[in-house]
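Residue-level listing of the chains:
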Amino acid sequence: MGTLDSGFQESTFIFLMVIGILIMLAFALSFVIYANFTQKKLMAEQMRNQKQAYQHQEALLHSTIMTQEAERKRIARELHDEIGSKLNIIFLNIHRLKAFSEEQVEMKKITTEINALIHTTINTTRRISHDLLPPTLEEFGLVEAIKELQYSLHQTERIRLDFELMENELRTENTSINLNLFRILQELIRNSIQHGKATNIVLQLWIKTNVIRMKYQDNGVGFNKNDIEYKKGLGMKNIESRLHMMQAHYQYDTALEKGFTMTLELK
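Okay, so let's go over this structure. (Residues numbered from 1 in each chain as written. Predicted model: local features only at pLDDT ≥ 70, side-chain atom pairs only at ≥ 80, totals over all residues. Heavy atoms only, no water.)

1. Observations regarding the sheet that holds strand E3 (residues 212-218)
Point 1. Judged by pairing direction, the sheet is mixed, and its five strands sit side by side in the order E1-E2-E3-E5-E4 without closing on themselves. Each end of this open sheet is capped by a strand with a single partner; those strands are strand E1 (160-168) and strand E4 (249-254). The sheet shows a mean angle of 10° between the axes of neighbouring strands, taken without regard to direction.
Point 2. Strands E1 and strand E2 (200-207) of the sheet are contacted by helix H4 (residues 142-156), whose axis makes an angle of about 165° with E1.
Point 3. Sitting on the sheet, helix H5 (residues 175-194) is in contact with E1, E2, E3 and strand E5 (260-266), with an inclination near 10° to E3. (Pairing = 2+ DSSP bridges. Helix = DSSP H or I, 4+ residues; strand = E, 2+ residues; numbered from the N terminus. Axes fitted to C-alpha atoms, helices over the stretch in contact; angles between N-to-C directions. Contact = heavy atoms within 4.5 Å.)

2. Some remarks on the pattern of salt bridges
Point 1. Enumeration according to the criterion identifies five salt bridges in this entry.
Point 2. The partner of Glu-144 in a salt bridge is Lys-147, and the shortest N-O contact between them spans 3.7 Å. Here Glu-144 pairs with Lys-147, and both are found in helix H4, just three residues apart, close to one helical turn.
Point 3. You can call Glu-144 partly exposed: its relative accessible area is 35%. (Salt bridge = Lys/Arg side-chain N within 4 Å of Asp/Glu carboxyl O. Buried < 20%, exposed > 50% of the residue type's maximum accessible area, 1.4 Å probe, protein only.)

3. Structural notes on the packing of aromatic side chains
Point 1. A complete count under the given rule lists four aromatic pairs for this structure.
Point 2. Geometrically, the ring pair formed by Phe-223 and Tyr-252 is tilted, given 6.5 Å between the ring centres and 35° between the ring planes. Highlighted residues: Phe-223 in the loop between E3 and helix H6 (228-233) and Tyr-252 in strand E4, separated in sequence by 29 residues.
Point 3. We classify Phe-223 as buried; its relative accessible area is 6%. (Phe/Tyr/Trp six-rings, centres within 6.5 Å; stacked < 30°, edge-to-face > 60°.)

4. Let's talk about the nonpolar core
Point 1. By size, the foremost hydrophobic cluster in this structure holds 38 residues, and its most contacted members are Ile-189 and Leu-205.
Point 2. Among the elements of the structure, H4, E1, H5, E2, E3, helix H7 (236-245) and E5 are those that each provide at least two residues to this core.
Point 3. Element by element, the count of residues in this core is highest for H5, at nine residues.
Point 4. Each residue touching Ile-189, except ones within four places of it in the same chain, is listed here: Leu-149, Leu-153, Leu-161, Ile-201 and Tyr-216. (Core = buried A, V, L, I, M, F, W, Y, C linked by side-chain atoms within 4.5 Å.)

5. Observations concerning the packing of H5 against H7
Point 1. Between H5 and H7, the least distance of the axes is 10 Å, while the angle of their chain directions is 160°. On the basis of their axis angle, the class for H5 and H7 is roughly antiparallel. H5 and H7 meet at a crossing whose hand is left-handed. For the pair H5 and H7, the contacting residues are Asn-180, Arg-183, Ile-184, Glu-187, Leu-188 and Asn-191 in the first and Asn-238, Ile-239, Arg-242, Leu-243 and Met-245 in the second. (Parallel < 35°, antiparallel > 145°, perpendicular 65-115°, else oblique. Left-handed = near helix turned anticlockwise from the far one by under 90°.)

6. Quick notes on the layout of surface pockets
Empty pockets left among the atoms are what a rolling probe the size of a water molecule brings to light.
Point 1. Of the pockets and cavities examined, the largest pocket occupies roughly 850 Å³.
Point 2. Residue lining of the largest pocket: 26 residues in total, with Arg-127, Asp-131, Leu-149, Ser-152 and Gln-186 positioned closest to the centre.
Point 3. Contributions of two or more residues to the lining of the largest pocket are made by helix H2 (105-132), H4, H5 and H7.
Point 4. Its residues assigned to classes, the lining of the largest pocket shows nine nonpolar, seven polar and 10 charged. (1 Å grid on protein atoms, 1.4 Å probe; cavity = no way out; pocket = protein on both sides within 12 Å on 5 of 7 lines; lining within 4 Å. Points joined across faces, edges and corners; volume = space filled by probe spheres on them. Nonpolar A, V, L, I, M, F, W, Y, C, P; charged D, E, K, R; others polar.)

7. Observations regarding the side chain of Ser-192
Point 1. For Ser-192, the position within the fold is in helix H5.
Point 2. Classification of Ser-192 as buried rests on a relative accessible area of 2%.
Point 3. Aside from chain neighbours lying at most four places away, what touches Ser-192 is Ile-159, Lys-197, Ala-198, Ile-201, Tyr-216 and Asp-218.

8. Considering unusual backbone geometry
A negative phi angle is the norm for most residues apart from glycine, just as the trans form is the norm for most peptide bonds.
Point 1. Notably, Gln-247 is not glycine yet its phi reads approximately 60°, a positive angle.
Point 2. In this structure, Gln-247 sits in the loop between H7 and E4.
Point 3. On the accessibility criterion, Gln-247 (68% relative accessible area) is exposed.
Point 4. Backbone geometry at Glu-257 places phi at a positive 65°, although glycine is not the residue there.
Point 5. When you line up the elements, Glu-257 lands in the loop between E4 and E5.
Point 6. Overall, the relative accessible area of 64% leaves Glu-257 in the exposed class.

9. Comments concerning the pairing of E4
Point 1. The sheet contact formed by E4 and E5 spans six bridges and is antiparallel. Across the sheet, residue Tyr-250 finds its bridge partner in E5, namely Leu-264.
Point 2. From the end of E4 to the start of E5, which pair antiparallel, there are five residues, and Glu-257 there has a positive phi angle of about 65°.

Shown next, in the form of structure tokens:
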């Protein structure tokens, strides 16, 4: 009888020990699940906060860029409508004055000099106005605006732009995309001339029904991609901001004495 009691007690003890172990394992598992759930919740909250902060930055950036474009538009129109028109009137009056002063050598010399100065000022005003708000971009689209930019660059003889329209499928033009792409191109060309000391640029453009691709390459001195301060000086932040705003995929490659190349794609 004692042996049976002893065996029963031993079985009971083992059973209780197993139950205890199972309970401890259940508590441990519950703790792990709770800790994992809490960690995931914290990570989700952090990601949500980061996303909100990023969206806020994007909204501020978009607002800043739109404000800049509105101001450029206003200044361009004032240059064209106010200053440009008045300069043209002055130019015509000087031309009339010059016709009346053909007999007076000194007066003729003065009016000729003023005439030349006003003519130069009119051209400069028109160029600045077009840089701020290219009328060709608004009226005829991106391709024609690039061709006009190409022509103006060749007139200055500072740099050569080889533009190749690789594909041009019919698609509804987005004025916002066209404007941002043109601004990016202007900034890249400015960098190539001022910082890169380039003499030649190759620009390739693919316009398809569902995607736009652009490849920009110069033969300049390039720069160190890891030099953050130099990138800021190049205006790369502004370029990248516009690319982010359009949700474009892009990459660029450069190194000292290796030129600069950027490719981008947007849908």
